[in-house]
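Structure at a glance
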Amino acid sequence: MSGSATTALAVVLIIAPLLPSLASRTVAFITGRRGAPLLQPYRDLVKLLGKRAVYSRTTTGVFRAAPIAVLATPLLAAALVPFDGHGSLAGFAGDAIAFAGLLALGRMLLALGGLDTGSSFEGMGASRELAFASFIEPALFLCFAALALTTGELSLGRMLGGAIDRGWAQAPASLAMVGVSLFVVMLAEASRGPVDDPATHLELTMIHEVTILDHSGPDLAFLLYGSALKFALFAALVVDTLMPRTGWPTPLAVAALIPALAVVAVLVGVIESTFARLRLVQVPQFLAGAAALAALGVILRVR
Amino acid sequence: MERTGEVLLLLVLMTDFAVLVTDRLSTCIRIMAAQGVLLGLLPFASGAAIGVHTVVLSLGTIAIKSIVLPRVLSWAIREAEVRRELEPSIGPIGMVVLGLVAVGVAFGVATRLPHAGATVLPGLVPVSLASLMMGFVVLTTRRKALSLVIGYLMLENGIYVFGLTLAGAIPLLVEMGVLLDVLVGVFIMGLVVFQIHRQLETQDSRRLTELRD
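Here the structure is a predicted model, which is why all the values come from computation and not from measurement. Per chain, the residues get numbers from 1 upward, laid out in the order the sequence is written. Whichever chain is written first becomes A and whichever ligand is written first becomes 1, with later ones labelled in order. In keeping with the model being predicted, local features are shown solely for residues with a pLDDT of at least 70 and side-chain atom pairs are shown and tallied solely at 80 or more, while totals for entire chains, interfaces and linings include all residues. Water and hydrogen atoms play no part in the side-chain values, which are based on all heavy atoms of the structure.

**Comments concerning the interface of chain A and chain B**
In what follows, a contact means two residues having at least one pair of non-hydrogen atoms within 4.5 Å. Between chain A and chain B, the contact holds 16 residues from the first and 12 residues from the second. For the pair chain A and chain B, the two sides together bury roughly 1200 Å², of which 85% comes from carbon and sulfur. Salt bridges are counted wherever a side-chain nitrogen of Lys or Arg sits within 4 Å of a carboxyl oxygen of Asp or Glu. Taken together, the links from chain A to chain B amount to zero salt bridges. Here a polar contact means two N or O atoms within 3.5 Å. Within protein one must be a hydrogen donor candidate and the other an acceptor candidate, and residues neighboring in sequence count only if both atoms are side-chain atoms. On the surface where chain A and chain B come into contact, there are zero residue pairs in polar contact (both at pLDDT 80 or more). Every element with two or more residues in the side of chain A that touches chain B is listed here: helix H8 (164–170), helix H9 (172–189) and helix H13 (282–302) of chain A. When residues of the side of chain A that touches chain B are assigned to their parent elements, the largest contribution, nine residues, is made by H13 of chain A. Of the residues belonging to the side of chain A that touches chain B, the class tally is 14 nonpolar, one polar and one charged. Throughout, buried area stands for the accessible area (probe radius 1.4 Å) lost by two parts on being put together, summed over both. Strands are runs of DSSP state E lasting at least two residues, helices are runs of H or I lasting at least four, and both sets are numbered from the N terminus onward. Three classes are used: nonpolar for Ala, Val, Leu, Ile, Met, Phe, Trp, Tyr, Cys and Pro, charged for Asp, Glu, Lys and Arg, and polar for all others, with Gly counted as polar.

Here is the structure:
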């Protein structure tokens, strides 16, 4: 079991940069452009890693710590997610909270790094990032609560790996709602779709992009890879919830993950190009809708 | 069959939530029309024997709730020139929370009611209660007269869902009578809204507190 979990984790770590790229490529295709080649993110990463980071004199160690935290926290969180549909590398009762906590830690350091530059734009981006996070997190926790209630397990690996089949047999409605809610959380966490626009480079409309504006070189590579990995983590959670692969043989379950993640990325691209970006005041409402859906999943299960 | 029923009931709940968070009246009307179709399909999935009774009930429901009533309401909107629920007293997030409370209470109460679990489709009773309460939420928080009509319709749809638990027992004539009552009720309300608008140049129900002749 552990072998296949390692393989699946390695696969996800390798293909993670492809997801945002595939989503953007889909947007380009729908809007009638050719778009950047799919492998462009890898070239960008190699290019950035070969460069030297430039630091402003006003920044402190917090600014340098941010990219490392943004890279390290999703890497740690990845160990808790059952990518192969059977089990995760590590796991303990209540590790879903650790998952959310790790991502929150990464986000906190990212925001602090943004504030550290003293640039008003980055401060604005950091404040938005945190403001929306306060709506993302309740939705995420309600999703985990609904998953725990439907499957009767407390660790992510067991919830999504072993017991999800039982959950689908007993409470399909709750799990479907959790799946949709997780998808919305993913859109927000990966700064895609109607929440954020990864293509914009106007400071006033950026959220994630503006927070990382001053980072350069390997630091920027870490940030890009970290956020791509976060996208992959949530996409995998969505796939695990909506497509339980408990009964499948492990090689097939690992292999099926790749097209499933690709489908999620394409879907993100379709949503991004068909829905207008939400006004900033509407984003909390959108996320509260996701939280409500997850809460409904909990209510239906509690009765 | 039971699965289909559960899905339909969940969609009914979703449409109720959609009405709670929408402030554009024409969208609200379209959502209510969609809910009408769902309610029309529900008798087939509620497990009762399918006969002439169910077919007539279903067709009647769809015809009235999703074709006639939306037309009447859209006419009222056009004539009275209202588009949005201005300054709703509670924002969308508050409305969602209220809706969730309603659903929670409904599911909590329904399991404690005698015979509630005995129906063919166990979700009928809680969903009907939730729909009723969300109708009340709309009735108490919205101010435009037309939004109040929509709240009334949600409330009535809740009663209809509750009635489905007795689908086999109620004579067809009675059910058609109830449907016609709603039709006439909404028709009259549409006219009243139109008249209110002509007399007062507004639809704000807060201004309807003084009674004079």
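Now that the structure has been shown, we can carry on.
**Details of the nonpolar core**
In terms of nonpolar packing, the biggest core is built from 78 residues, with Phe83, Phe99, Leu156 and Leu237 of chain A touching the most fellow members. The element that contributes the greatest number of residues to this core is helix H11 (residues 217–242) of chain A, accounting for 14 residues. If near-sequence neighbours (up to four positions away) are discounted, Leu156 of chain A is found in contact with Leu80, Pro82, Asp95, Ala96, Phe99, Phe144, Gly161 and Leu237 of chain A. By convention a nonpolar core is built from buried Ala, Val, Leu, Ile, Met, Phe, Trp, Tyr and Cys residues, the set being connected through side-chain atoms within 4.5 Å. Throughout, exposure labels follow a simple rule: accessible area from a 1.4 Å probe, protein chains only, divided by the maximum for the residue type, with under 20% read as buried, over 50% as exposed, and the rest as partly exposed. Grouped together as the second largest cluster of nonpolar side chains are 61 residues, Ile299 of chain A together with Leu8, Leu183 and Val193 of chain B included.

**Some points on the packing of H9 of chain A against helix H12 (residues 250–274) of chain A**
Residues and elements named next belong to chain A. At their nearest, the axes of H9 and H12 sit 12 Å apart, and the two run at 70° to each other. As summarised for this structure, H9 and H12 are arranged roughly perpendicular, according to the angle between their axes. Touching Phe183, Met186 and Leu187 of H9 are Val264, Leu267, Val268 and Ile271, all from H12. A breakdown of the residues in the contact of H9 with H12 according to their chemical character gives seven nonpolar, no polar and no charged. An axis is simply a line fitted to the C-alpha atoms; with a helix, the fit covers only the stretch in contact. Between two such axes, the angle follows the N-to-C directions and lies from 0 to 180 degrees. Roughly parallel means an angle under 35 degrees; roughly antiparallel means over 145; roughly perpendicular covers 65 to 115; every other angle is labelled oblique.

**Considering the UniProt feature "transmembrane region" (unreviewed entry) in chain B**
Residue and element names in this part refer to chain B. Annotation from UniProt places "transmembrane region" (unreviewed entry) at residues 7–32, 44–68, 89–110, 116–139, 146–170 and 176–197. Secondary structure across residues 7–32 comprises 88% helix and 0% strand; the distance between its end C-alpha atoms is 17 Å. Helix and strand shares over residues 89–110 are 86% and 0% respectively, and the end C-alpha atoms of the span are 29 Å apart. UniProt positions are given in the numbering used here, feature names are shortened, and annotations may be inferred rather than shown by experiment.

**What about a nonpolar patch on the surface?**
A patch consists of residues whose relative accessible area exceeds 30% and which take part in no salt bridge; residues with like charges are grouped when within 9 Å of each other, and nonpolar side chains (Val, Leu, Ile, Met, Phe, Trp, Tyr) when within 5 Å. Calculation of accessible area relied on Shrake-Rupley with a 1.4 Å probe; when residues are assessed, cover is drawn exclusively from the protein chains displayed. Nonpolar side chains collect at one region of the surface, where Ile93, Val97, Val101, Val105, Val109 and Leu113 of chain B lie side by side and expose about 430 Å² of accessible area between them. Examined against the element boundaries, Val97 of chain B turns out to sit in helix H4 (residues 92–112).

**Examining helix H3 (residues 52–80) of chain B**
Residue and element names in this part refer to chain B. Here a helix's expected span is defined as the number of its residues, less one, multiplied by 1.5 Å. Compared with an ideal rise of 1.5 Å per residue, which puts 29 residues at 42 Å, H3 spans 40 Å between its outermost C-alpha atoms and is within 8% of the ideal. One fitted axis covers the seven residues ending at a residue, a second covers the seven starting there, and the bend at that residue is the angle between these axes. Where H3 bends most, the angle comes to about 30°, and this point is Leu69, followed within four residues by the proline Pro70. Glu81 sits one or two residues past H3 and shows a positive phi near 55°.

**Some details on the environment of Pro249 of chain A**
All names here are of chain A. Looking at the element boundaries, Pro249 is found in the loop between H11 and H12. A relative accessible area of 49% places Pro249 in the partly exposed class. For the pair Pro249 and Gly85, spaced 164 residues apart in sequence, the C-alpha to C-alpha distance is 9.8 Å.

**Remarks on the pattern of salt bridges**
All names here are of chain A. Enumeration according to the criterion identifies seven salt bridges over all chains in this entry. Salt-bridge contacts for Glu153 lead to Arg158; the nearest nitrogen and oxygen are separated by 3.9 Å. When its relative accessible area of 54% is taken as the criterion, Arg158 is described as exposed. In this structure, Lys230 engages Glu189 in a salt bridge whose closest nitrogen and oxygen atoms are separated by 3.1 Å.

**A look at the packing of aromatic side chains**
Residue and element names in this part refer to chain A. Note on aromatic pairs: the rings of Phe, Tyr and Trp (six-membered ring only in Trp) are paired at centre separations within 6.5 Å, and the planes decide the class, stacked below 30 degrees, edge-to-face beyond 60, tilted for the rest. For the structure shown, the criterion picks out three aromatic pairs over all chains. Seen from their ring centres, Phe99 and Phe234 are 5.8 Å apart, and the 65° between their planes marks the pair as edge-to-face. Of the two residues, Phe99 is situated in helix H5 (residues 95–116) and Phe234 in helix H11; the sequence distance between them amounts to 135 residues. A relative accessible area of 0% means that Phe99 is categorised as buried. Sitting over the face of the ring of Tyr55, Arg64 holds its NZ or CZ atom 3.7 Å from the ring centroid. Counting as a charge over the ring demands two things of the Lys NZ or Arg CZ atom: a distance within 6 Å of the ring centre and an angle within 35 degrees of the ring normal.

**Digging into the packing of helix H2 (residues 25–45) of chain B against helix H6 (residues 145–164) of chain B**
Residues and elements named next belong to chain B. In the contact formed by H2 and H6, the axes pass within 11 Å of each other and the chain directions differ by 10°. Considered as vectors, H2 and H6 are oriented roughly parallel to each other. Contact with H2, carried on its side by Leu25, Cys28, Ile29, Met32, Gln35, Leu39, Gly40, Leu42 and Pro43, involves Leu146, Ser147, Ile150, Leu153, Met154, Asn157, Tyr160, Val161 and Leu164 of H6 and no other residues of that element. Its residues placed into classes, the contact of H2 with H6 shows 14 nonpolar, four polar and no charged.

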